[in-house]
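Each chain is listed here by its residues.
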Amino acid sequence: MILVIDVSNTNSTLGVFDGEQLVASWRLSTLNNRTSDETGMLLRMLFVHSEVNITEIAAVVVSSVVPNVMYSLLSGIRKYLKREPMVVRAGMKTGINLRMENPKEMGTDRIVNLVAAYELYGGPAIVIDYSTATTFDVVSGRGEFLTGITAPGVQVCADALTQRAAQLPKIEIKRPDSLITKNTVDSIQAGLVLGHIGETRYIIDKIKEELHLPQMKVIATGGLAKVIDEKEEIFDVYDPVLALQGLRLLYEKNKNRK
């Protein structure tokens, strides 16, 4: 079995694979102030709670876009799991040709998603991740990265509203029953959620138009993807564990490399 860990700015997602089967997964807040001991003990408790034998973990794979957590995370893994983590970084074998001016600028979270989308669902495809930022990445039918777009995430926009406008309340992020609203909460939900639905549809349409690929698949991940497409009219595939699958695939591609 292998443990895969995807560290994002807001949350970290962890999963255990037995071969190709995901047998356990967890979602945690990403905190900069955990010590290596706290990290290691937390990992051990997660395994106990899910009744997974931690001694059967043969390897650990980590992708992170938060450098400040890496020392304690990697140290905790080494101390409590007795494994040397494989860290996703430039130079790894991915199967994706990053056709961009500076490939090192590409976040490892986006590479992981592209690897999983291409290997599992094929290309050409648009991969949309609703995380702290909303990212739109395009992979060709030959595994080439064609373009990437970054927009503020849904939660980031919601937080900005409540922080910058003193009289606006915090709200649950959900689609309102109608665009025609008569109270403050529904009004914010309409602007926030329906606005991001419009953003998603427009960017998808423009990517397909400008790349002359009208039939490309649209693959979405991230918890808020369900809010954006609750009627299942926009995405061809919704995969909530796309990043975990990508980490598993990267391990398979690189496990025999020094």
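Shown above is the structure to which this text applies.
Residues numbered from 1 in each chain as written. Predicted model: local features only at pLDDT ≥ 70, side-chain atom pairs only at ≥ 80, totals over all residues. Heavy atoms only, no water.

Here's the deal with the layout of surface pockets
Empty space within the largest pocket amounts to approximately 570 Å³. In terms of lining residues, the largest pocket is bounded by 26 residues, among which Arg27, Tyr130, Ser131, Gly222 and Gly223 are the most central. Put simply, the parts of the chain that give the lining of the largest pocket at least two residues each are strand 2 (11-18), strand 3 (21-29), helix 3 (108-121), strand 7 (125-130), helix 4 (154-164) and helix 7 (242-254). Here the residues of the lining of the largest pocket sort into 10 nonpolar, 12 polar and 4 charged. (1 Å grid on protein atoms, 1.4 Å probe; cavity = no way out; pocket = protein on both sides within 12 Å on 5 of 7 lines; lining within 4 Å. Points joined across faces, edges and corners; volume = space filled by probe spheres on them. Helix = DSSP H or I, 4+ residues; strand = E, 2+ residues; numbered from the N terminus. Nonpolar A, V, L, I, M, F, W, Y, C, P; charged D, E, K, R; others polar.)

So, the pattern of salt bridges
Counted under the stated rule, the structure contains 9 salt bridges. A salt bridge links Lys79 to Asp37, with the shortest nitrogen-to-oxygen separation between them at 2.7 Å. In this pair, Lys79 is assigned in helix 2 (residues 70-81) and Asp37 in helix 1 (residues 36-49), connecting sequence segments 42 residues apart. Under the relative-accessibility criterion, Lys79 is labelled partly exposed at 46%. For Asp37, a relative accessible area of 32% gives the class partly exposed. (Salt bridge = Lys/Arg side-chain N within 4 Å of Asp/Glu carboxyl O. Buried < 20%, exposed > 50% of the residue type's maximum accessible area, 1.4 Å probe, protein only.)

Quick word on empty space enclosed by the protein
Empty space among the atoms becomes apparent when a probe as large as a water molecule is rolled across them. Tallying each qualifying case throughout the model produces 1 cavity of 30 Å³ or more. If you add up the space inside the largest cavity, you get close to 190 Å³. Taken together, 15 residues make up the lining of the largest cavity; nearest its centre are Val7, Ser12, Arg34, Thr39 and Leu73. Looking at the lining of the largest cavity, the elements that each hand over two or more residues are strand 1 (2-7), strand 2, strand 3, helix 1 and helix 2. Here the element with the most residues in the lining of the largest cavity is helix 1; it accounts for 3 residues. Of the residues that constitute the lining of the largest cavity, the class distribution is 9 nonpolar, 5 polar and 1 charged.

Some points on helix 5 (residues 184-211)
Since one α-helical turn is 3.6 residues long, residues separated by three or four positions face the same way. The end-to-end C-alpha separation of helix 5 is 40 Å, in line with the 40 Å expected for 28 residues at 1.5 Å each. Buried within helix 5 are the following residues: Ile188, Gln189, Ala190, Leu192, Val193, His196, Ile197, Thr200, Ile203, Ile204 and Ile207. Turning to helix 5, the residues buried within the fold contact strand 7, strand 8 (133-139), strand 9 (144-152), helix 4, strand 10 (217-221) and helix 6 (225-228). Measuring from the side-chain oxygen of the N-cap residue of helix 5 to the backbone nitrogen of Val185 gives 3.2 Å; that N-cap residue is Asn183. Phi for His212, located one or two positions after helix 5, is positive at around 55 degrees. (Expected span 1.5 Å × (residues − 1). Contact = heavy atoms within 4.5 Å. Polar contact = N/O pair within 3.5 Å; in protein donor to acceptor, adjacent residues only side chain to side chain.)

Re the packing of aromatic side chains
Applying the stated criterion across every chain yields a total of 2 aromatic pairs. With a centroid separation of 6.0 Å and 50 degrees between ring planes, the pair formed by Tyr130 and Phe235 is classed as tilted. Here Tyr130, found in strand 7, pairs with Phe235, found in the loop between helix 6 and strand 11 (237-238); they are 105 residues apart in sequence, far enough to count as distant. Of the two residues examined, Tyr130 and Phe235, each falls in the buried class. (Phe/Tyr/Trp six-rings, centres within 6.5 Å; stacked < 30°, edge-to-face > 60°.)

Focus on the packing of helix 4 against helix 5
For the pair helix 4 and helix 5, interaxial distance at closest approach is 10 Å and the crossing angle is 150 degrees. Taken together, helix 4 and helix 5 sit at an angle that is classed as roughly antiparallel. Judged by the sense of rotation from one axis to the other, the crossing of helix 4 with helix 5 is right-handed. Within the contact between the two elements, helix 4 uses Val154, Cys157, Ala158 and Leu161 and helix 5 uses Ile188, Leu192 and His196. Split into classes, the residues belonging to the contact of helix 4 with helix 5 amount to 6 nonpolar, 1 polar and no charged. (Axes fitted to C-alpha atoms, helices over the stretch in contact; angles between N-to-C directions. Parallel < 35°, antiparallel > 145°, perpendicular 65-115°, else oblique. Left-handed = near helix turned anticlockwise from the far one by under 90°.)

A short note on the sheet that holds strand 9
Hydrogen bonds between backbone groups are what pair the strands of a sheet, and the pairing can be parallel or antiparallel. As summarised here, the arrangement of the 6 strands in space is 6-9-8-7-10-11, forming an open sheet in which the pairing is mixed. Lying at the two open borders of the sheet, with one neighbouring strand each, are strand 6 (97-98) and strand 11. Of the strand pairs in this sheet, strand 7 and strand 10 are connected by 5 bridges, and their pairing is parallel. If you follow Asp129 over to strand 10, its bridge partner there is Thr221. Sheet strands in contact with helix 3 are strand 6, strand 7, strand 8, strand 9, strand 10 and strand 11, and its direction is about 45 degrees off that of strand 8. (Pairing = 2+ DSSP bridges.)

All we've got here are geometric facts, nothing functional implied.
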